[in-house]
Amino acid sequence: MKLQHYLGGLENLGPVNLETQVFVQPWEQRIFGIHTTMMAESAHLTGALPRYPIDQLPTAFKNDWTWASLRTGAEGMQPFEYFKFRYYEKWLMGISQFFIDQGYIDAEELSSRTEHYRKQPEAALPDLPNAPIREQIVRYLLEGDSGLRPLPAPPRFQSGEVIKVADPEAVDHTRLPGYLRSKPGIIVEVYDGAFAYFVNTGPDGIGEPMPVYRVAFAASDIWGEGKSEANTTIYADLFEAYLQPAA
Amino acid sequence: MSKLFEYEKQREAASAAKVRALEALLIEKGVIGSDSVDTVLGHFETVAGPFNGARIVARAWVDAEYKARLLADTPKAIAELNLAQGMDGAEGEHMLAVANSPQVHNLIICTLCSCYPWPILGLPPYWYKDPVFRARGVREPRAVLREFGVPVSEDVEVAVWDSSAQIRWFVVPERPAGSDHLSEEQLAALVTPESMMGVALVHLPAA
C-alpha cells in the first residue's frame, strides 16, 4: 500500500487550506512554465492526435514528458517528504532531478548556478528566444493530447451493471484511487470510444486503449455504515482494467 | 537529527534561485527558449482561465435550453459560445458539466493529483491541490464544504466527482436569488473558480 495512492480518505489531517491563489510564491510560475514546455516538447507527441512534428522541433529535449512522468515522481516520494513539501516544491525537486538523471545538466552546475542567483536574485536569464518552440507550446495548449482511440473490442461491462473494483499490485504509478479498491459500485455511463494512457502501468493494467466507465459508489459502501456522511455519492471514472464482475 | 526534519532556512529564496538556475541552464542548453515559460504563462492570462467558465455558467443561467444542451453534450455547447480557440485543448480534451440544484450539490476533486479543466477554469487554486482537501473531500465532503462556508442540508444529496481518468469535471452553480435584473455579463462577473468546483455558492454583491 503506497500512501499517495490512498490519499483519498485519510483522516486526522486538520482543517482544509482555503488559499485561492494558484501560485503562492512568484517562483512557482517558472517551474509550472518549464513543466508545460516539456509537455509541449515531449517526444511521444509525434504519435499523439494531432500528430505534432516534434522530431523536427529545434530543441535539445528528446524525452517523453507527460503527466504520468510528474505523477510517477510524486507517487514515488517517501510519504513524509510528500507531506513536507508544497505542491510546486515537489515539481521543482522532481523536474530538476529528472534533468540531472537524464544528463541534460549536472548537479554541480545546477548547484553553482543556484548560488549565483541566490547572491544576485535579479541577475538576468540568457536571452535566446526560440520561435518554433513558442509556436509548438501554443499549438499544444490549443489542441491538447487526447487519449481517445477507437475501441479495440466491445466494452466488457454495461450501464446499470454492478461491478467490483479490482485490487491490482501496487506499482510506481496508478490511476486507481486506493480508497475504491475492492469496493462495489454501479456503472452509470460507458464512455464512447477507448482511452489510452500516457504510459503502460504494467500489472496495474492501463496504457493501451480500453473503455472507461463512470462508476457511482454509495459513500456507505466505501467507508461503512455509520462511518460515512448521509446521502452522499462518489463518482469516479475508471479504466476497464480496474473493474471486475461483482460476483 | 535526520535530514527529513530539516528545512532550508530560507525556503522560498532557495527555491526561487534554484528554479532560476534551472531555467537558465535549460535555455543555454537549447532545451527550452528564453521566451518559453512566458509563452505558457501568457496563455493562462489571455486564452485559458475562469473568465471562460464564468461566461458558460452565465449563459446557462439566462438560457434554460442552453443549460440543457451544456449538460447533455458539454463540448458542443461550449463550442456554441464565441470563446477563444482551444476550449478543447490541453486538459480540456474531455470536459463535462454537472449542475447544482435544490436536490444535489456537486463537489469536484482529484484525489490522485490535481486534474482540472484548464481551458475554461485556468490553473487549479492552491486549496484544490492541497493534500488535506484531497484526503477529506471524499471521506467527509459535507464537513469540508462547511469549512468553505457552504453548509449542505442532509436532505440534499452530495455528489463528489473524483477526476481519475480522461474527464475534467466542472460545476454549474445555482443562480443567486434576486439576480433577475442582472445582465448576462454582470452575472458572469459573479462566478468564481471556487463556485465552479462546488466549494462556494454564487452571491449577489453586497448592496
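Residues numbered from 1 in each chain as written. Chains lettered and ligands numbered in written order. Predicted model: local features only at pLDDT ≥ 70, side-chain atom pairs only at ≥ 80, totals over all residues.

**Focus: the overall build of chain A**
Part 1 of the reasoning: Helices and strands together make up the secondary structure of chain A, namely 7 helices and 7 strands.
Part 2 of the reasoning: In sequence order, the secondary structure elements of chain A are arranged as α-α-α-α-α-α-β-β-β-β-β-α-β-β.
Part 3 of the reasoning: With the C-alpha coordinates aligned to their principal axes, the bounding extent of chain A is approximately 65 × 45 × 30 Å.
Part 4 of the reasoning: Expressed as a percentage of the 247 residues in chain A, the buried residues total 38%.
Part 5 of the reasoning: Within chain A, counting contacts between residues at least 6 apart in sequence, those at least 24 apart form 67% of the total. (Helix = DSSP H or I, 4+ residues; strand = E, 2+ residues; numbered from the N terminus. Buried ≥ 20, exposed ≤ 12 C-beta atoms within 10 Å, placed from the backbone. Contact = placed C-beta atoms within 7 Å.)

**Things to note about the domain arrangement of chain A**
All names here are of chain A.
Part 1 of the reasoning: Each domain of chain A was delimited in the assignment, giving domain 1 (3-146) and domain 2 (149-245).
Part 2 of the reasoning: Between the C-alpha centres of domain 1 and domain 2 there is a distance of 28 Å.
Part 3 of the reasoning: With 11 residues of domain 1 in contact, the opposing surface of domain 2 contributes 9 residues. (Domains from an automatic or database assignment.)

**Thoughts on helix α5 (residues 107-119) of chain A**
Part 1 of the reasoning: For α5(A), built from 13 residues, the straight-helix expectation of 18 Å at 1.5 Å per residue is met to within 8% by its first-to-last C-alpha distance of 19 Å.
Part 2 of the reasoning: Turning to α5(A), the residues buried within the fold contact α1 (11-28) of chain B. (Expected span 1.5 Å × (residues − 1).)

**As for the interface of chain A and chain B**
Part 1 of the reasoning: On the side of chain B, 74 residues touch chain A, which itself brings 80 residues to the contact.
Part 2 of the reasoning: Here the side of chain A that touches chain B is composed, by residue class, of 43 nonpolar, 22 polar and 15 charged. (Nonpolar A, V, L, I, M, F, W, Y, C, P; charged D, E, K, R; others polar.)

**Points about the environment of Val104(B)**
Residue and element names in this part refer to chain B.
Part 1 of the reasoning: Here Val-104 shows up in strand β2 (residues 104-109).
Part 2 of the reasoning: Residue class for Val-104 comes out partly exposed when judged on the 15 C-beta atoms lying within 10 Å of it.
Part 3 of the reasoning: Discounting residues that sit within four places of it in the chain, Val-104 has contacts with Val-156, Glu-157 and Ala-159.

**Brief notes about the packing of helix α6 (residues 131-143) of chain A against helix α2 (residues 36-46) of chain B**
Part 1 of the reasoning: Put simply, α6(A) and α2(B) touch, their axes get as near as 9 Å, and they point 30° apart. Comparing the axis directions of α6(A) and α2(B) gives the class roughly parallel. α6(A) and α2(B) meet at a crossing whose hand is right-handed. Contacts between α6(A) and α2(B) involve Ile133(A), Arg134(A), Ile137(A), Val138(A) and Leu141(A) on the former and, on the latter, Ser36(B), Thr39(B), Val40(B) and His43(B). (Axes fitted to C-alpha atoms, helices over the stretch in contact; angles between N-to-C directions. Parallel < 35°, antiparallel > 145°, perpendicular 65-115°, else oblique. Left-handed = near helix turned anticlockwise from the far one by under 90°.)

**Quick look at the confidence of the model for chain B**
Part 1 of the reasoning: Looking at chain B, the pLDDT average stands at 96 and 97% of residues meet or exceed 70.
Part 2 of the reasoning: Predicted as a complex, the structure gets a pTM of 0.97 and an ipTM equal to 0.97. (pLDDT = per-residue confidence, 0-100.)

**Here's the deal with unusual backbone geometry**
Part 1 of the reasoning: Going from Leu49(A) to Pro50(A), the amide bond is cis rather than trans, its omega being 0°.
Part 2 of the reasoning: Examined against the element boundaries, Pro50(A) turns out to sit in the loop between α1 (27-41) and α2 (67-76).
Part 3 of the reasoning: Although it is not a glycine, Asn12(A) adopts a positive phi angle of roughly 70°.
Part 4 of the reasoning: Secondary-structure assignment places Asn12(A) in the segment before α1.
Part 5 of the reasoning: Residue classification places Asn12(A) among the exposed residues on the basis of 6 C-beta atoms within 10 Å.
Part 6 of the reasoning: One non-glycine residue with positive phi stands out, namely Glu91(B), at about 60°.

**Thoughts on the environment of Val162(A)**
Residues and elements named next belong to chain A.
Part 1 of the reasoning: Along the chain, the position of Val-162 falls in strand β2 (residues 162-165).
Part 2 of the reasoning: Its 13 C-beta neighbours within 10 Å are what place Val-162 among the partly exposed residues.
Part 3 of the reasoning: Taking the C-alpha atoms as reference points, Val-162 and Gln-120, 42 residues apart in sequence, are found 61 Å from one another.

**Thoughts on the nonpolar core**
Part 1 of the reasoning: The biggest cluster of nonpolar side chains holds 118 residues, and the ones touching the most others in it are Leu238(A), Phe239(A), Val57(B), Val160(B) and Phe170(B).
Part 2 of the reasoning: The element best represented in this core is α1(B), accounting for 9 residues.
Part 3 of the reasoning: Leaving out residues up to four positions away in the same chain, Val160(B) has contacts with Thr232(A), Ile234(A), Tyr235(A), Leu107(B), Ile109(B), Gly137(B), Val138(B) and Pro141(B). (Core = buried A, V, L, I, M, F, W, Y, C linked by C-beta atoms within 7 Å.)

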